[in-house]
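# Secondary and tertiary structure notes
Residues per chain, in single letters:
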Amino acid sequence: MQHVIPVAQLKSQFGVQIEAMAGAIEACVHCGFCLPVCPTYQVLGQEMDSPRGRILLMKNVLEGGLAVQEALPYIDRCLGCLACVTACPSGVAYGDLLMPFRAYARQKASYSLMERVQRKLVNQTLPSPERFRTAALFGRLAKPFSAMLPQELAGMLALLPDRLPAARPLPEVFPAEGVRRARVALLVGCVQQVLAPEINWATLRVLARNGVEVLIPADQACCGALLMHTGELDRARQLARQNLRAFSGQVDAILTNAAGCGSGLKDYPLLLMGLEDQNLADELARQAQDVSQFLAELGMLGEPALPQPTRVAYHDACHLAHAQGITAAPRALLNRVANLTLLEIADSTTCCGSAGTYNLEQPEIAAELGRRKAANILQTGAEAVAAGNIGCIVQIRTHLQALGKLLPVFHTFELLDVAYSRSAAGSKSRLIRRPNLVSAHFLGFIQQHIGRIHQFGGVPGVQWKSGDALADGRAGNRCPVLII
Ligand code: SF4
Ligand code: SF4
């Protein structure tokens, strides 16, 4: 696309990022191949809510022909899912354009007081597990008064879970079992640590089982992906620099088990482009790998097996499939598990609507995408779902529940962990097929004192009684439970 963006002039505002932005605009040939894959175009059907439309809007703003306030609603509706990047035959680096543009636009645009309060609260709490945990506690106390609060705050409270699992601090080193095949460092994620600490533990156990020693640097920070998404680049750079120091040791790879965090690390070169530490950012991004890709390349050991034949639908998180190009590795790992039949979801690589804080910013579109994803999953006839991103897991679970379907939704490594635990020599794993006969208190006691509990497989057509419990503590659900 031809443009007359005053690149030299805009360098004072954007730094050298403006060159990457102009490069992305130049590369677009207006072909429209990206339109059908864009979730917002699918839902809203307007050119300006498509990648091509947004590129044109950003070009016009940068050229000075359009006020940023005019373009912002369309840019704000972008999920940042990068499905357009995968589809684009011309290699348009849409992400290189979007991130700096959002930061610029959000400085220039005016937002209501409540929108600014909401953004401040989100950006202050989510990147810190301690603050998020505390906020969730206060939020729970405030929930009964939601009706009296402004819509923005009530929306935040509605998304808070009723219960949080107990915090489970991680060690600084988790040793490999048997002969060590690799040594890695793990970024443990902020939201994930609070909402689903078991994912990190499952990841550690599966890696250990495969001869991988894992270091968990205590001084690591949030990856900063959320702040990049919301245009808070200065704060994101602070976190990135903290991680550059924390992950500077000698390891074979720096692993992430949340797709959003992995693509956040891989965005460090763009974030620090032309600034101090750019070389370190390049190196960290080169070393960063999703845990599924790492294990698939290393090769899985042993004979993992689920306790019973189970049909599992795999959902592609956008920040794995589009931002990192990883679709084969998680499927290869799951296909190695005996008793597991992998199912494909229609439009598997279309965003589920989670996308960082999108549920707060664009609740209607997020809900529509969540509904579509849940319906496509149910079409497969799956008994469980696997995904590689905590945001997707929560979103899919929410929308399956809204449709009255209570399929368990796992992280890929939780399923692998169950399969390895089950196949371990001398395993004391037991499958309780009617956990509704067991009280929530009893399951809680087992979880705390005896072993881990995994919910496992839905039981169609069976009603739950109040007080029934699952591995994740939700009442009103029912399925077989594996105690390890
Ligand atoms: S597919 Fe690529 S080149 Fe074609 S309109 Fe979309 S962004 Fe532009
Ligand atoms: S990032 Fe996703 S939502 Fe945004 S324009 Fe591209 S495909 Fe559409």
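Further up the page is the structure itself.
Quick caveat, the model's predicted, so the values are computed rather than measured. (Residues numbered from 1 in each chain as written. Chains lettered and ligands numbered in written order. Predicted model: local features only at pLDDT ≥ 70, side-chain atom pairs only at ≥ 80, totals over all residues.)

### Quick look at the sheet that holds strand E2 (residues 182–187)
- Strand order across the open sheet formed by five strands is E1-E3-E2-E4-E5, with mixed pairing between neighbours. Strands at the two margins of the open sheet, each flanked by one partner only, are strand E1 (173–174) and strand E5 (288–290).
- The sheet contact formed by E2 and strand E4 (residues 253–256) spans four bridges and is parallel. Each bridged residue has a counterpart across the sheet, and for Leu187 the counterpart in E4 is Thr256.
- Taken strand by strand, helix H18 (residues 291–298) contacts E2, E4 and E5, and its axis lies near 85 degrees from that of E5. (Pairing = 2+ DSSP bridges. Helix = DSSP H or I, 4+ residues; strand = E, 2+ residues; numbered from the N terminus. Contact = placed C-beta atoms within 7 Å. Axes fitted to C-alpha atoms, helices over the stretch in contact; angles between N-to-C directions.)

### Focus: the sheet that holds strand E8 (residues 384–387)
- In space, the four strands of this open sheet follow the order E7-E6-E8-E9, with parallel pairing throughout. Two strands close off the open sheet at either side, each with one partner strand: strand E7 (338–344) and strand E9 (409–411). Averaged over all neighbouring strand pairs, the angle between strand axes comes to 35 degrees, with direction disregarded.

### Observations concerning the site of ligand 1
- Residues in contact with ligand 1 amount to 14 residues; listed here are only the nearest, Cys28, Cys31, Cys34, Arg52 and Cys88.
- The set of elements that each furnish at least two residues to the shell around ligand 1 consists of helix H4 (51–63) and helix H6 (83–87).
- For the shell around ligand 1, the residue count by class is 10 nonpolar, three polar and one charged. (Near = placed C-beta within 6 Å. Nonpolar A, V, L, I, M, F, W, Y, C, P; charged D, E, K, R; others polar.)

### Considering the site of ligand 2
- Lining the immediate surroundings of ligand 2 are 13 residues, of which Cys38, Pro51, Cys78, Cys81 and Cys84 lie closest.
- Only helix H3 (39–44), H4 and H6 provide two or more residues apiece to the shell around ligand 2.
- Residue classes in the shell around ligand 2 are distributed as 10 nonpolar, two polar and one charged.

### Describing the environment of Glu297
- By secondary structure assignment, the location of Glu297 is in helix H18.
- When the C-alpha positions of Glu297 and Leu333 are compared, they lie 10.0 Å apart, and in sequence the two are 36 residues distant.

### A look at the nonpolar core
- Residues Ile254, Val312, Val385 and Ile396 are the most contacted members of the largest nonpolar core, which totals 131 residues.
- Sequence-distant contacts of Val312, defined by excluding residues within four places in its chain, comprise Leu334, Leu340, Thr341, Leu342, Leu343, Ala382, Ala384, Val385, Ala386 and Leu415. (Core = buried A, V, L, I, M, F, W, Y, C linked by C-beta atoms within 7 Å. Buried ≥ 20, exposed ≤ 12 C-beta atoms within 10 Å, placed from the backbone.)

### Focus on the packing of H4 against helix H5 (residues 68–76)
- Two elements in contact, H4 and H5, have axes separated by 10 Å at closest approach and are oriented at 155 degrees. Taken together, the axes of H4 and H5 are roughly antiparallel relative to one another. Regarding H4 and H5, the two cross each other, and that crossing is left-handed. Residues Gly53, Arg54, Leu57, Met58 and Val61 of H4 form the contact with H5, whose own contacting residues are Val68, Ala71, Tyr74 and Ile75.
- When its residues are assigned to classes, the contact of H4 with H5 shows seven nonpolar, one polar and one charged. (Parallel < 35°, antiparallel > 145°, perpendicular 65-115°, else oblique. Left-handed = near helix turned anticlockwise from the far one by under 90°.)

### Notes on helix H20 (residues 328–335)
- Restricting attention to buried positions, one finds in H20 the residues Ala329, Pro330, Leu333 and Leu334. For H20, the buried positions fall inside an angular range of 130 degrees around the axis, keeping them on one side. Opposite the buried face of H20, by more than 90 degrees, sit the exposed residues Ala328 and Asn335. (Arc of directions from axis to C-beta.)

### A short note on the environment of Phe174
- Following the sequence through the fold, Phe174 ends up in strand E1.
- Note on Phe174: 19 C-beta atoms within 10 Å, which makes it partly exposed.
- Once residues lying within four places of it in the same chain are set aside, the contact partners of Phe174 are Leu204, Ala208 and Val214.

### Things to note about the packing of helix H22 (residues 363–380) against helix H23 (residues 390–402)
- In contact at an axis separation of 8 Å, H22 and H23 are set at 75 degrees when each is read in the N-to-C sense. Relative to H23, H22 is oriented roughly perpendicular. The residues of H23 that touch H22, namely those facing Gly370, Arg371, Lys373, Ala374 and Ile377, are Gln395, Ile396, Thr398, His399 and Leu400.
- Looking at the contact of H22 with H23 residue by residue, the classes come out as four nonpolar, four polar and two charged.

### Quick notes on unusual backbone geometry
- Even without a glycine there, the phi angle at His30 is positive, about 70 degrees.
- Within the fold, His30 resides in the loop between helix H2 (17–27) and H3.
- What makes His30 exposed here is the crowd of 9 C-beta atoms within 10 Å.
- The residue Asp277 is not glycine, and still its phi comes out positive at about 80 degrees.
- Relative to the assigned elements, Asp277 resides in the loop between helix H16 (268–271) and helix H17 (278–287).

### Remarks on the pairing of E8
- Side chains Ala384 and Ala386 of E8 all project onto a buried face; the interleaved residues Val385 and Ala387 project onto the opposite face, where all are buried too.
- Alignment of strand E6 (residues 305–314) against E8, held across three bridges, turns out to be parallel. Bridged to Val312 within E8 is Ala384.
- Bridge count between E8 and E9: three bridges; the pairing is parallel. When the sheet's bridge partners are listed, Val385 is paired in E9 with Val409.
- Between E8 and its parallel partner E9, the chain crosses via H23, and the hand of that crossover is right-handed. (Right-handed = clockwise from strand over helix to strand, strands pointing away.)

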